[in-house]
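Take a look at the letters that make up each chain.
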Amino acid sequence: MSRTDTLLLLDFDGTVAVGHGPVHAYARAAASSLDPDARRAFLAEATAAVEGLGDPVPAGRGAGRSDARGASADGLLPLDGYDLVRVLAEKHGVGPLALSAAYLASRHALGTDDAPVSAPLGLAAVLAEVRTEATVVLATNAPAIRLPETLAALGLAGLLDGVLTEVGKPAGMAAVLDRLGVAPAGPVRALSVGDVWANDLAPVAARGHATALISRRPPPEARPTWTVPDLPALYPALREWVRADGRTAPSQPQPARVPARVTTEG
């Protein structure tokens, strides 16, 4: 296999950039539309719930889940921190326009002291290594706001062959995979790495390719090739996969279901 027909597809929030800083910034911005008493109540609940997600920030370059999570209108638990804040904000009366503005405000703060993030320990060195044998592409639902600056602050500038924003996962992943040549029968073999099964991995698994889920508590419908608590735990398998010749089947491949729910996180 060559570099051009081996693809490593990375999510951004919760994968390449870890930490709850941007989610807290989203909550604070959403709270600004509430009266003081409601603001305090919402922020107390949102802060406790986000911190209860149970995924501590790994040591690295820097700029569990909770029963406090509310169920959304469709009865499903939130997909990630952003979705969690949205659910709680709606419960406290924050409307869709205010939530949209709050999300954009949180992205304008990305990577600053108001919304800090870190890179997983050793990620830059691993990407520099695997890029000799694979194409590395970042695909996120987030807009491009402060993305170049944050990638640079995380030490990842120049280590990605492509950055795709506002992808619209999970439905939008089909166009991304088509563009990158990721089909059930080739010509490109792919490994997708992310923290949200429905958005980052299920569309790739549905085409028969490898996936790695970063989660301490995977959802019951998830069928990734690998499940790891954090990205550094994947590095040995990632190196092995990149260097394989494509004829080695992933361990315990599973069928995938692609849910319809979308989160703005990416």
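For the structure given in this document, a descriptive report is provided here. (Residues numbered from 1 in each chain as written. Predicted model: local features only at pLDDT ≥ 70, side-chain atom pairs only at ≥ 80, totals over all residues. Heavy atoms only, no water.)

1. As for the overall build of the protein
Phase 1: From N to C terminus, the protein includes nine helices and six strands.
Phase 2: Split into buried and exposed, the 266 residues of the protein put 50% on the buried side.
Phase 3: For the protein, the accessible surface area stands at approximately 11400 Å², while carbon and sulfur atoms represent 56% of it. (Helix = DSSP H or I, 4+ residues; strand = E, 2+ residues; numbered from the N terminus. Buried < 20%, exposed > 50% of the residue type's maximum accessible area, 1.4 Å probe, protein only. Areas by Shrake-Rupley, 256 points an atom, 1.4 Å probe, with all protein chains shown as cover.)

2. Brief notes about the pairing of strand β1 (residues 6–10)
The side chains of a regular strand alternate, residue by residue, between the two faces of the sheet.
Phase 1: Counting buried residues along β1, five of its five residues qualify, which places the element largely inside the surrounding structure.
Phase 2: Residues Thr-6, Leu-8 and Leu-10 of β1 are buried on one face, and the alternating residues Leu-7 and Leu-9, pointing to the opposite face, are buried as well.
Phase 3: As paired strands, β1 and strand β2 (residues 135–139) are joined by four bridges and run parallel to one another. Each bridged residue has a counterpart across the sheet, and for Leu-8 the counterpart in β2 is Val-136. (Pairing = 2+ DSSP bridges.)

3. Focus on the packing of helix α5 (residues 123–130) against helix α9 (residues 235–243)
Phase 1: Here α5 crosses α9 at 10°, and the two axes come no closer than 11 Å. Regarding the angle of α5 to α9, the classification is roughly parallel. On the side of α5, the interface is formed by Leu-123, Val-126, Glu-129 and Val-130, while α9 contributes Tyr-235, Leu-238, Arg-239, Val-242 and Arg-243.
Phase 2: A per-class count over the contact of α5 with α9 returns six nonpolar, no polar and three charged. (Axes fitted to C-alpha atoms, helices over the stretch in contact; angles between N-to-C directions. Parallel < 35°, antiparallel > 145°, perpendicular 65-115°, else oblique. Contact = heavy atoms within 4.5 Å. Nonpolar A, V, L, I, M, F, W, Y, C, P; charged D, E, K, R; others polar.)

4. Here we look at the environment of Leu-8
Phase 1: With respect to the helices and strands, Leu-8 occurs in strand β1.
Phase 2: Beyond its immediate chain neighbours, meaning those up to four positions away, Leu-8 contacts Leu-127, Val-130, Thr-135, Val-136, Val-137, Leu-191, Val-193 and Leu-238.

5. Re the packing of helix α1 (residues 21–31) against helix α2 (residues 36–51)
Phase 1: Their axes nearest at 10 Å, the elements α1 and α2 cross at an angle of 165°. In terms of their interaxial angle, α1 and α2 are classed as roughly antiparallel. Read as a crossing pair, α1 and α2 show a hand that is right-handed. Facing Val-23, His-24, Ala-27, Arg-28, Ala-30 and Ala-31 of α1, the residues of α2 in contact are Arg-39, Phe-42, Leu-43, Ala-46, Thr-47, Val-50 and Glu-51.
Phase 2: Here the residues of the contact of α1 with α2 are counted per class, giving eight nonpolar, two polar and three charged. (Left-handed = near helix turned anticlockwise from the far one by under 90°.)

6. Things to note about the pattern of salt bridges
Phase 1: Summed over the entire model, instances satisfying the criterion amount to twelve salt bridges.
Phase 2: Where Arg-239 meets Glu-129, a salt bridge forms, and the shortest distance between an N and an O atom there is 3.1 Å. Taken together, the positions of Arg-239 in helix α9 and Glu-129 in helix α5 put the pair 110 residues apart, joining distant regions of the chain.
Phase 3: By relative accessible area, Arg-239 is classed as partly exposed at 26%. (Salt bridge = Lys/Arg side-chain N within 4 Å of Asp/Glu carboxyl O.)

7. Notes on α2
One turn of the α-helix equals 3.6 residues, which is why residues spaced by three or four share an orientation.
Phase 1: The terminal C-alpha atoms of α2 lie 22 Å apart, and with 16 residues this matches the ideal 22 Å at 1.5 Å per residue to within 8%.
Phase 2: All of the buried residues in α2 are Phe-42, Ala-46, Ala-49 and Val-50. Taken down its axis, α2 places every buried residue within 90° of arc, on the same side. Exposed residues on α2 whose side chains face more than 90 degrees from its buried face are Asp-37, Arg-40 and Ala-44.
Phase 3: The N-capping residue of α2, defined by a side-chain oxygen 3.2 Å from the backbone nitrogen of Asp-37, is Asp-35. (Expected span 1.5 Å × (residues − 1). Arc of directions from axis to C-beta. Polar contact = N/O pair within 3.5 Å; in protein donor to acceptor, adjacent residues only side chain to side chain.)

8. Considering the packing of aromatic side chains
Phase 1: This model, assessed by the stated rule, comprises three aromatic pairs.
Phase 2: Ring geometry for Tyr-26 versus Tyr-103: centroids 6.1 Å apart, planes at 90°, classification edge-to-face.
Phase 3: Classification of Tyr-26 as buried rests on a relative accessible area of 5%.
Phase 4: Residues Tyr-82 and Tyr-103 carry aromatic rings whose centres are separated by 5.5 Å and whose planes lie at 75° to one another, so their mutual orientation is edge-to-face. (Phe/Tyr/Trp six-rings, centres within 6.5 Å; stacked < 30°, edge-to-face > 60°.)

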